[in-house]
Amino acid sequence: MQPERIVAIGRKAERAFNELEADPTYVRHPSHGGSKKFAAGMEAILSDMGLPTAASA
């Protein structure tokens, strides 16, 4: 596989991808009050990639 971008949702995922030398983009995990930061992070990534977002709908 040759993904365009790898998104690590949460610090545990980020550490796991870093161990694989996958160079992930970190996004806050939505649990424990992080849902707004998660949504904002995903919106930014999708927008950066030129993909439609909920904000652009």
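Above: the structure in question.
This text gives an overview of the structure that appears in the document. As the structure is a prediction and not an experimental result, all values here were calculated from the model.

Basis of the calculations
- Residues numbered from 1 in each chain as written.
- Predicted model: local features only at pLDDT ≥ 70, side-chain atom pairs only at ≥ 80, totals over all residues.
- Heavy atoms only, no water.
- Helix = DSSP H or I, 4+ residues; strand = E, 2+ residues; numbered from the N terminus.
- Buried < 20%, exposed > 50% of the residue type's maximum accessible area, 1.4 Å probe, protein only.
- Areas by Shrake-Rupley, 256 points an atom, 1.4 Å probe, with all protein chains shown as cover.
- Phe/Tyr/Trp six-rings, centres within 6.5 Å; stacked < 30°, edge-to-face > 60°.
- Lys NZ or Arg CZ within 6 Å of the ring centre and 35° of its normal.
- Salt bridge = Lys/Arg side-chain N within 4 Å of Asp/Glu carboxyl O.
- Expected span 1.5 Å × (residues − 1).

Topic: the overall build of the protein chain
Step number 1: Looking only at helices and strands, the protein chain features two helices and two strands.
Step number 2: Reading the protein chain from its N terminus to its C terminus gives the helix and strand order β-α-β-α.
Step number 3: Counting only C-alpha atoms, the protein chain reaches 35 × 30 × 15 Å along its principal axes.
Step number 4: A buried classification covers 14% of the 57 residues belonging to the protein chain.
Step number 5: By element, 55% of the accessible surface of the protein chain is carried by carbon and sulfur atoms, the whole surface being about 4,500 Å².

Let's talk about the packing of aromatic side chains
Step number 1: In the structure shown here, the tally under the stated rule is zero aromatic pairs.
Step number 2: Directly above the aromatic system of Y26 lies the positively charged group of R11, at a separation of 3.5 Å from the ring centroid.

Re the environment of A55
Step number 1: Along the chain, the position of A55 falls in the segment after helix 2 (35–48).
Step number 2: Residues A55 and E43, 12 residues apart in the sequence, show an inter-C-alpha distance of 7.6 Å.

A word on the pattern of salt bridges
Step number 1: Across all of its chains, the model carries two salt bridges by this definition.
Step number 2: We note a salt bridge from D48 to R5, for which the minimum N-O separation is 2.8 Å. Taken as a pair, D48 in helix 2 and R5 in the segment before strand 1 (7–9) lie far apart in primary sequence, 43 residues in all.
Step number 3: A relative accessible area of 55% places D48 in the exposed class.
Step number 4: With its nearest N and O atoms 2.7 Å apart, the salt bridge here joins R11 to E14. With R11 and E14 both in helix 1 (residues 11–19) and three residues apart, the pair spans about one turn of that helix.
Step number 5: On the basis of relative accessible area, R11 is assigned to the partly exposed category, the value being 44%.

Some remarks on helix 2
Step number 1: Compared with an ideal rise of 1.5 Å per residue, which puts 14 residues at 20 Å, helix 2 spans 20 Å between its outermost C-alpha atoms and is within 8% of the ideal.
Step number 2: Within two residues after helix 2, G50 carries a phi angle of roughly 80°, on the positive side.

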